[in-house]
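Survey of secondary and tertiary structure
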Amino acid sequence: MSISNKIKKMLGLKSESAEEVKEMKKPKIGYIHLSGCTGCLMSLTENYDLLADLLDMVEIVYGHTLVDVWEMPEMDLALVEGSVCIQDEHSVEELMEAREKADLLCALGSCAMTGGFTRYARGGQQAQPSHESFLPISELVKVDLAIPGCPPSPEIIAKTLTAYIKEDMDYLKPLMDLPKHNELCGCDLQNEVVNKALCCGCGSCAMACQTRAIEMVNGRPEINTNRCIKCGVCYVHCPRTWWPEEQIKSELEL
Ligand code: SF4
Ligand code: SF4
């Protein structure tokens, strides 16, 4: 197994010696699909010509759309897409089992991390009208890291997988801090940044919002709550919320 030079260049990694490459582990990864739209999985596949190399870095051992395995095996890392419907016992059981069988559990994407647009679910639809309560997975199980986005970009998925394999804690640490923030939306940005006089007017939140729910007015974000899908992306992108200064400097090579 080796990481191709193309991936290394894209991800800004330094090359390893032959011995180091031999030592790199090939982790067993499972993909747990709860109440998600498959957009996170699509984003992983949108790494296009890098995908084969990325998949060669890991062993996919579970995932209904990926491998023909019905019993969940032990896993090094479980990627969980989607929030969890607490009226759906199979989803709850699958999440619990994944927690038991995975060393690390990752909330992949906004639905798993914050509940995302499934926070608006109220049930009453066929064929499961009783399915009305959807939660971020951290409400039911311990989550070790989260990859934000609706969907997360192909690049952040690739970078996170690579950082995991390389045990690059500088990259992973902020993502490991994210699960404790599971109530993220435009209102949280307003409350925790603008209302506390922390906003520097950079506009990152408005640039990042995928539903254009944020407009910069007089140098401050104005949230259109009717457009907000509670993805948390604005909060994650804001430099005044949770990113540690050292991480920003290292990412920007400052
Ligand atoms: S304002 Fe936009 S980016 Fe922020 S949570 Fe709502 S939809 Fe997501
Ligand atoms: S991203 Fe920039 S403009 Fe938006 S709230 Fe944060 S500091 Fe203010």
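Residues numbered from 1 in each chain as written. Chains lettered and ligands numbered in written order. Predicted model: local features only at pLDDT ≥ 70, side-chain atom pairs only at ≥ 80, totals over all residues. Heavy atoms only, no water.

Among the nonpolar cores identified, the biggest contains 52 residues, and I32, M75, L77, L95, L105 and I137 are the most heavily contacted of them. Broken down by element, this core gets its largest block of residues, seven residues, from helix 7 (residues 154-165). Counting the residues that make up this core, at least three belong to each of domain 1 (25-180) and domain 2 (186-252). Among all residues touching L77, those that are not within four sequence positions of it are K28, I29, G30, L104, C106, L145, L161 and Y164. Core analysis: the next-biggest nonpolar cluster, separate from the first, contains 10 residues, C205, C209, A213 and I223 among them. (Core = buried A, V, L, I, M, F, W, Y, C linked by side-chain atoms within 4.5 Å. Buried < 20%, exposed > 50% of the residue type's maximum accessible area, 1.4 Å probe, protein only. Helix = DSSP H or I, 4+ residues; strand = E, 2+ residues; numbered from the N terminus. Domains from an automatic or database assignment. Contact = heavy atoms within 4.5 Å.)

Attention shifts here to the site of ligand 2. C199, C202, G203, C205 and C238 are the nearest of the 13 residues found near ligand 2. Elements represented by at least two residues in the shell around ligand 2 include exactly helix 9 (186-194) and helix 10 (204-208). Per-class residue counts for the shell around ligand 2 are 10 nonpolar, three polar and no charged. (Near = heavy atom within 4 Å. Nonpolar A, V, L, I, M, F, W, Y, C, P; charged D, E, K, R; others polar.)

A few words on empty space enclosed by the protein. Applying the stated criterion to the full structure yields five cavities of 30 Å³ or more. If you add up the space inside the largest cavity, you get close to 90 Å³. If you trace the largest cavity, you find 14 residues lining it, with C209, T211, C228, C231 and C234 closest to the centre. For the lining of the largest cavity, the residue count by class is nine nonpolar, four polar and one charged. (1 Å grid on protein atoms, 1.4 Å probe; cavity = no way out; pocket = protein on both sides within 12 Å on 5 of 7 lines; lining within 4 Å. Points joined across faces, edges and corners; volume = space filled by probe spheres on them.)

What follows deals with the pairing of strand 8 (residues 214-217). Across four bridges, strand 8 lies against strand 9 (residues 220-223) in antiparallel orientation. What sits directly across from I214, in strand 9, is I223. Linking two consecutive strands that pair antiparallel, namely strand 8 and strand 9, is a turn of two residues; a positive phi of about 50° is found at N218 within it. (Pairing = 2+ DSSP bridges.)

Take helix 7 next. Residues spaced three or four apart along an α-helix face the same direction, because each turn holds 3.6 residues. Taking 1.5 Å per residue, 12 residues should reach 16 Å; helix 7 reaches 17 Å between its end C-alpha atoms and fits that length. The element helix 7 is extensively covered by neighbouring structure, given that nine of its 12 residues are classed as buried. All of the buried residues in helix 7 are I156, I157, A158, T160, L161, T162, A163, Y164 and I165. Directly after helix 7, the chain includes E167, whose backbone phi takes a positive value near 55°. (Expected span 1.5 Å × (residues − 1).)

What follows deals with the site of ligand 1. All residues in the neighbourhood of ligand 1 are listed as C185, G186, C209, T211, A213, I214, C228, I229, K230, C231, G232 and C234. With respect to the pocket detection grid, ligand 1 is positioned in the largest cavity. The class makeup of the residues in the shell around ligand 1 is eight nonpolar, three polar and one charged. (Sits in = over half its atoms within 2 Å of the grid points.)

Those residues of helix 9 that sit buried are G186, D188, L189 and V193. The arc that holds the buried residues of helix 9, viewed along the axis, is 145°, so those residues lie on one side. Summarising the contacts, the buried residues of helix 9 are in contact with helix 10, strand 8, strand 9 and helix 11 (233-237). (Arc of directions from axis to C-beta.)

Before going further, it helps to spend a moment on the side chain of T162. Structurally, the position occupied by T162 is in helix 7. In this structure T162 comes out as buried when scored by relative accessible area, which is 2%. Among the polar contacts made by the side chain of T162, one reaches the main-chain carbonyl oxygen of A158 at a distance of 2.7 Å. (Polar contact = N/O pair within 3.5 Å; in protein donor to acceptor, adjacent residues only side chain to side chain.)

Where helix 7 contacts helix 8 (residues 169-177), the axes come no closer than 9 Å and their chain directions differ by 115°. Between helix 7 and helix 8 lies a crossing of left-handed hand. Taken together, the residues of helix 8 that come into contact with helix 7 (itself represented by I156, K159, T160, A163 and Y164) are Y171, L172 and L175. Looking at side-chain class alone, the contact of helix 7 with helix 8 contains six nonpolar, one polar and one charged residues. (Axes fitted to C-alpha atoms, helices over the stretch in contact; angles between N-to-C directions. Left-handed = near helix turned anticlockwise from the far one by under 90°.)

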